[in-house]
Amino acid sequence: MTRLSVRGLRHGYGGPEVLRGVDFDLAAGESCLLLGPNGAGKSTLLGLLAGLGRPLKGEIRIEGRSLDPRNPSLRRQLGFLSHASFSYSNLTVRENLRFTAELYGVDNPDERVRHLLGRVSLRAYADRPARALSRGMSQRLSLARSVLHQPRLLLLDEPLTGLDLEGVNRLTELTEELRGTGTSILTTTHDLAHLRKLGRRLAWLHRGCWEDMPGLDLHDTAQVEAAYLERFAGGPAEGGGEA
Amino acid sequence: MSYWRTVWVLLRKDLRIEARSRETFVSMSFLALLLVVAFGFAFDARPLDPGTEAAGLLWIAISFAGVLGLGRTLGSERDGDCLRALLLAPIDRSAIFVAKWILNLTLLLAMELCLLPLFSVFLRVPLRPALPELVGIVFLSTMGFAAVGTLLATISSGSRLREALLPLLLYPLWVPILVASVKLTSLALIGRSVLDGSDWLVLIGVYDLVFLVAGTLLFDLMVEE
């Protein structure tokens, strides 16, 4: 079953287009890694998939329904971990998660929040203000926030930023668990060392287009790195401008 | 989740943040106090004419202090890019506007509640005889002030010049209601019925309605990236 279908997606910020016709499908339960140099348009793509803006052209369908940023029901299916923390510095870790749980209409929000605090090892920090968290702790909070409502499509924008090894393992456990329940996951990263933990399928954005790389072995970091360098030799993508 | 439950969840979060930081209320109230003290010294011991000077000075203090608070409408959302997080949530986005409007209304009314007795003391204007009418006028006008302020604070929030942009956009739109409020306050302070200025009352009512409806309908468009 196709969870996400993207056709002819084009987007830009007034200058040259960052995305120049992105086409791909993501099946239910599939986890895909998206690589690309700075400015390739990875964050722009994820933002559009999350409904944060309208593409200049093209169509995004989630479970066969066209994504309309103003339609709240489809947003319930999406989880998004962004570069920003999406947390209120004056609220505690628990209050931040409780607030999100209420907005998403999560059943038994207190229980779900308690469970997730344990899963991301933040239980000891639950009643501290979010501003007191370190970068890595803050990233764990963002992770918990993005999976709180058990989304059907999870978008992770460089999720390893600031995470220590335990954090990486927690992230892997959570995403694997979600994938097992049919959640599709699209992850952007620059961290080639953890590729095999984050996904099964590899693609990259090159000159604003999606390119699948089925022949590469994710366990073989050197092979991926060599292919990456070969593809992107000559510097960042043309017309870049990652938002 | 029902629309009003969503509004309550958003409002409760904002009230909790404000209760902890007191950033908006304190800055607004402090400026209002400063203005009243300055006016008090400027007019020295001379009693103000309630029909002209007092009404004008009261609304000048409310306008200046209010803009300071309205400028912080989306302040808590800017930190951590939380507005984008709200836009991701499966809620009717106009609920964000309504919650912010109620928050601004609450904070402005709280500031005005502190301002009125100070104004009476420092400027030696007896407010007590006109208090019921005055409270009504202040409440009605503040509803519109909060609505237009919330709307324009949202529009200007995407700009790096938002601190300068908000007053530039807000004051011209605030003028009709400011004039109406001054006229009605004058009537109340000289002991006449505010119904003698029913046209001004209608103007404020229509203004409140227009900007509340506009904010609710347009918020989604204004925050779309």
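Residues numbered from 1 in each chain as written. Chains lettered and ligands numbered in written order. Predicted model: local features only at pLDDT ≥ 70, side-chain atom pairs only at ≥ 80, totals over all residues. Heavy atoms only, no water.

**Here we look at the overall build of chain A**
Threshold: A run of H or I in DSSP counts as a helix once it spans at least four residues, and a run of E counts as a strand once it spans at least two, with each numbered from the N terminus. The globule rule is 2.2 Å times the number of residues to the power 0.38, and the radius of gyration it is compared with is taken over C-alpha atoms. For every residue, the accessible area obtained with a 1.4 Å probe (protein chains only) is divided by the maximum for its type, and the residue is called buried under 20%, exposed over 50%, and partly exposed between those limits. In this analysis, two residues are considered to be in contact whenever any of their non-hydrogen atoms come within 4.5 Å of each other. Exposure was quantified through the Shrake-Rupley algorithm and a 1.4 Å probe, taking into account, for residues, occlusion by the shown protein chains and nothing else. Working convention for charge: Lys and Arg count positive, Asp and Glu count negative, and His plus the chain ends are omitted. Each charge is placed at NZ for Lys, CZ for Arg, CG for Asp and CD for Glu.
Helix and strand counts for chain A come out as 8 helices and 10 strands. Computed over the C-alpha atoms, the radius of gyration of chain A is 18 Å, within 12% of the 18 Å expected from 2.2 N^0.38 for a compact globule of 243 residues. By principal-axis analysis of the C-alpha atoms, chain A measures approximately 50 × 40 × 35 Å. Across the 243 residues that make up chain A, the buried fraction comes to 58%. Counted over contacts in chain A with a minimum sequence separation of 6, partners at least 24 positions apart contribute 70%. Summing over all exposed atoms, chain A offers an accessible surface of approximately 9600 Å²; the carbon and sulfur share of this is 48%. The positive charge centre, built from 32 side chains, and the negative charge centre, built from 29, are 4 Å apart in chain A.

**Let's talk about the environment of His190(A)**
Residue and element names in this part refer to chain A. Heads up, the condition is: The definition of a polar contact used here is a pair of N or O atoms within 3.5 Å, where within protein one atom must be able to donate a hydrogen and the other to accept one, and adjacent residues in sequence count solely through side-chain atom pairs.
With respect to the element layout, His190 can be found in the loop between strand 8 (184–188) and helix 7 (195–198). Its relative accessible area of 37% is what places His190 among the partly exposed residues. Between the C-alpha atoms of His190 and Ala226, which are 36 residues apart in sequence, the distance is 14 Å. A polar atom in the side chain of His190 sits 3.4 Å from the side chain of Glu158.

**Some points on helix 2 (residues 23–42) of chain B**
Residue and element names in this part refer to chain B. So the rule is basically this: Multiply 1.5 Å by the residue count of a helix minus one, and that product is the helix's expected span.
Helix length check: helix 2 (20 residues) gives 29 Å between terminal C-alpha atoms against 28 Å at 1.5 Å per residue, within 8%. Restricting attention to buried positions, one finds in helix 2 the residues Thr24, Ser27, Met28, Ser29, Ala32, Leu35, Val36, Phe39 and Gly40. In this structure, the buried side of helix 2 is in contact with helix 1 (3–21), helix 3 (50–70) and helix 6 (94–122).

**Here's the deal with the interface of chain B and chain A**
Definition in use: For this document, the term salt bridge refers to a Lys or Arg side-chain nitrogen within 4 Å of an Asp or Glu carboxyl oxygen. For this classification, the nonpolar set comprises Ala, Val, Leu, Ile, Met, Phe, Trp, Tyr, Cys and Pro, the charged set comprises Asp, Glu, Lys and Arg, and every other residue, Gly included, is treated as polar.
Each partner contributes residues to the interface: chain B has 31 residues there, and chain A has 27 residues. At the surface where chain B touches chain A, the tally comes to 4 salt bridges. The residue Glu102(A) makes a salt bridge to Arg12(B) at a minimum N-O spacing of 2.4 Å. Linking chain B with chain A are 11 residue pairs in polar contact (both at pLDDT 80 or more), by the criterion used here. Of all the secondary structure elements, the ones that give two or more residues to the side of chain B that touches chain A are helix 1, helix 4 (75–78), helix 5 (82–88) and helix 9 (198–223) of chain B. Top element by residues in the side of chain B that touches chain A is helix 1 of chain B. It accounts for 10 residues. Class assignment for the residues of the side of chain B that touches chain A results in 13 nonpolar, 4 polar and 14 charged.

**Quick look at the confidence of the model for chain A**
Residues and elements named next belong to chain A. Put simply, the rule is: Scored between 0 and 100, pLDDT is the confidence that the predictor attaches to each residue.
On average, residues of chain A score 90 in pLDDT, and 96% of them reach the 70 mark or higher. The secondary-structure element of chain A with the lowest mean pLDDT is helix 7, recorded at 83, while helix 3 (residues 93–103) shows the highest, at 97. A low-confidence stretch, residues 237–243 (pLDDT under 50), is modelled with 28 contacts involving residues beyond four sequence positions or located in other chains.

**Remarks on helix 4 (residues 109–119) of chain A**
Residue and element names in this part refer to chain A. To keep it simple, the criterion reads: The arc in question is traced by the directions running from the helix axis to the C-beta atoms.
Of the residues making up helix 4, those classed as buried are Pro109, Arg112, Val113, Leu116, Leu117 and Arg119. Along the axis of helix 4, the buried positions cluster into a sector of 160 degrees, meaning they face one direction only. Tucked into the core, helix 4 has its buried residues touching helix 3, helix 5 (135–147) and helix 6 (165–180). Positioned one or two residues after helix 4, Ser121 has a phi angle of 55 degrees, which is positive.

**Details of the sheet that holds strand 2 (residues 17–27) of chain A**
Residues and elements named next belong to chain A. The cut-off we apply is this: Two strands pair under a simple rule: DSSP has to find at least two bridges between them. Where helices are involved, their axes are fitted lines through C-alpha atoms of the stretch in contact, as for all axes, and angles between N-to-C directions lie from 0 to 180°.
Here 4 strands make up an open sheet; going across it, the order is 2-1-4-5 and the pairing antiparallel. Two strands lie at the open edges of the sheet, namely strand 2 and strand 5 (65–66), each paired on one side alone. Relative to strand 2, strand 1 (residues 2–12) runs antiparallel, the two sharing 8 bridges. Looking at the pairing, Val6 lines up with Phe24 of strand 2. Helix 1 (residues 42–49) rests against strand 1, strand 2 and strand 4 (57–62) of the sheet, and its axis sits at about 60 degrees to strand 2.

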